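Reading the structure
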Amino acid sequence: MERLQKIIANSGYCSRRKAEELIKKGLVKVNGQVIIELGTKASLNDYIEVEGKSIIKKEDKVYYLLNKPRGIITSTSDDKGRKTVVDLINTTTRIYPVGRLDYDTTGLVLLTNDGELANLLMHPSNKIDKVYVAKVKGIISKEDLKRLESGVLIDGRRTSKCRGKILKIDKKSNTCIVKLVIHEGRYHQVKKMFESIGYSVLKLKRESMAFLTLDGVKSGDYRELSIKEVKSLYSLF
Ligand code: URA
């Protein structure tokens with residue numbers, strides 16, 4: 001808690017002396033209440049208005065696209081002290097990831113402080129495409145891929161229709177690479193989908209979300225979205 005005139009002066013609105021004058025004139029409100037007492041203390045969590053204007057600027061919205069490496073938690077903090085996706089971004093703004101990737105999953109993660117956009121992107125009814133590429137143990141048959149595409153039961157609930165493609169088959173190592181385009185974001189969804197038809201996922205990467213890709217962003221690196229990209233994301237809804 002600090003003296004009101006100091007908070008006002010620190011915000012850059014005016015000098016401390018001028019702030020004192022404004023307080024005495026009844027032109028300062030804290031949480032809607034006029035304050036004329038000079039010794040009054042407040043904090044930045046209070047809503048402070050001077051001459052009818054808030055002195056606390058609304059935090060600017062920021063948007064980062066990260067290429068998450070393996071071994072990083074998709075969270076804002078970790079009680080086991082492991083590195084999180086937020087630790088990889090050099091910012092003082094409080095940001096959080098849009099959806100999550102498993103500890104061992106790599107690829108595209110968006111981080112922002114824009115709750116509205118985050119909710120829109122995550123809501124399955126908005127049908128935002130997420131492209132995953134999975135290395136799978138075994139050689140998946142066309143029939144099995146069709147089963148995935150038409151929806152499988154995971155945790156007692158059927159997954160929505162999706163699109164799949166076998167990108168590569170390696171008979172020697174008995175593995176294949178499969179692309180899956182889904183718009184839901186259920187817990188361990190891709191791994192559980194493959195498990196439900198008898199295959200295990202050895203490696204998983206999210207390659208894109210909507211029109212955003214990892215182009216030009218190396219593993220562990222990130223970039224800010226452009227204003228045009230943010231507008232285009234909003235225009236999807
Ligand atoms: N599906 C999974 O199983 N894991 C992820 O990290 C993302 C989607």
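1. Section: the environment of Arg70
Within the fold, Arg70 resides in the loop between β7 (63-68) and β8 (96-97). Take Arg70: its relative accessible area is 45%, and that puts it in the partly exposed class. Linking Arg70 and Gly107, residues 37 residues apart in sequence, is a C-alpha distance of 8.7 Å. Arg70 has contacts with Tyr103, Asp104, Thr106 and Lys203, leaving out every residue within four places of it along the chain.

2. Let's talk about helix α5 (residues 189-196)
Among the 8 residues that make up α5, 6 are buried, leaving the element largely enclosed by the rest of the structure. Every buried residue of α5 is listed here: Gln189, Val190, Lys191, Lys192, Met193 and Phe194. Buried positions along α5 lie against β10 (130-137), α4 (142-150), β11 (153-154), β14 (175-182) and β15 (200-209).

3. A short note on the environment of Arg147
Note that Arg147 resides in helix α4. The spacing of Arg147 and Cys162 is 15 residues in sequence and 9.9 Å in space, taken between C-alpha atoms. Contacts of Arg147, omitting those with residues within four sequence positions, involve Val152, Ser196 and Ile197. Within the local environment of Arg147, its side chain forms a polar contact with the side chain of Asp144, the two groups lying 3.0 Å apart.

4. Here's the deal with the nonpolar core
Core analysis: the biggest nonpolar cluster contains 32 residues, and Leu111, Ile140, Leu148, Leu180 and Phe194 have the highest contact counts within it. At the level of secondary structure, the elements contributing two or more residues to this core comprise β7, β9 (106-112), β10, α4, β14, α5 and β15. Two domains share this core, each providing at least three of its residues, namely domain 2 (63-124 + 212-234) and domain 3 (129-209). For Phe194, the residues in contact, after removing those within four places along its chain, are Ala134, Val136, Ile140, Leu148, Val178, Leu180, Tyr199 and Val201. Leu108, Ala118, Ile128 and Leu233 belong to the second-largest nonpolar core, a separate cluster that totals 16 residues.

5. Notes on the site of the ligand
Every residue close to the ligand is listed here: Leu101, Asp102, Thr105, Tyr132, His188, Gln189, Val190, Lys191 and Leu204. Here an oxygen atom of the ligand and a backbone polar atom of His188 are 3.2 Å apart. In isolation the ligand exposes 240 Å². Once the protein is present, 97% of that is buried. Ranked by the residues each element gives to the shell around the ligand, the list is headed by α5, at 3 residues. For the shell around the ligand, a count of residues per class yields 4 nonpolar, 3 polar and 2 charged. Viewed by domain, the shell around the ligand spans two of them, domain 2 (63-124 + 212-234) and domain 3 (129-209), each represented by three or more residues.

6. A look at the domain arrangement of the protein chain
One widely used convention gives an interface's size as the accessible area the parts lose upon coming together. Taken domain by domain, the protein chain comprises domain 1 (2-54), domain 2 (63-124 + 212-234) and domain 3 (129-209). On a C-alpha basis, the centres of domain 1 and domain 2 stand 37 Å from each other.

7. A short note on the pattern of salt bridges
Per the counting criterion, the structure on display carries 9 salt bridges. Linking Asp104 and Lys191 is a salt bridge whose minimum nitrogen-to-oxygen distance equals 2.8 Å. With Asp104 in the loop between β8 and β9 and Lys191 in helix α5, the pair connects residues that are 87 residues apart, well separated along the chain. Asp104 gets classed as partly exposed once you look at its relative accessible area, which sits at 35%. Classification of Lys191 as buried rests on a relative accessible area of 16%. Of the charged contacts in the structure, one is a salt bridge between Asp129 and Arg163, with a shortest N-O distance of 3.5 Å. Within this pair, whereas Asp129 is found in the loop between α3 (115-122) and β10, its partner Arg163 is found in strand β13 (residues 163-170), the two being separated by 34 residues in sequence.

8. Considering the side chain of Glu49
Turning to its location among the elements, Glu49 is positioned in strand β5 (residues 48-50). Here Glu49 sits buried without a salt bridge, and the closest side chain of opposite charge, Lys29, lies 4.9 Å off (N-O distance).

9. Section: the sheet that holds β5
Judged by pairing direction, the sheet is antiparallel, and its 4 strands sit side by side in the order β3-β2-β5-β6 without closing on themselves. What marks the edges here is a single partner per strand, and that holds for β3 (33-34) and β6 (53-54). Relative to β5, strand β2 (residues 28-30) runs antiparallel, the two sharing 3 bridges. Note that in β5 the partner of Val30 across the bridge is Ile48.

Each value, and the rule that gives it
- Residues numbered from 1 in each chain as written.
- Predicted model: local features only at pLDDT ≥ 70, side-chain atom pairs only at ≥ 80, totals over all residues.
- Heavy atoms only, no water.
- Helix = DSSP H or I, 4+ residues; strand = E, 2+ residues; numbered from the N terminus.
- Buried < 20%, exposed > 50% of the residue type's maximum accessible area, 1.4 Å probe, protein only.
- Contact = heavy atoms within 4.5 Å.
- Polar contact = N/O pair within 3.5 Å; in protein donor to acceptor, adjacent residues only side chain to side chain.
- Core = buried A, V, L, I, M, F, W, Y, C linked by side-chain atoms within 4.5 Å.
- Domains from an automatic or database assignment.
- Near = heavy atom within 4 Å.
- Areas by Shrake-Rupley, 256 points an atom, 1.4 Å probe, with all protein chains shown as cover.
- Nonpolar A, V, L, I, M, F, W, Y, C, P; charged D, E, K, R; others polar.
- Salt bridge = Lys/Arg side-chain N within 4 Å of Asp/Glu carboxyl O.
- Lys, Arg positive; Asp, Glu negative; His and termini not counted.
- Pairing = 2+ DSSP bridges.

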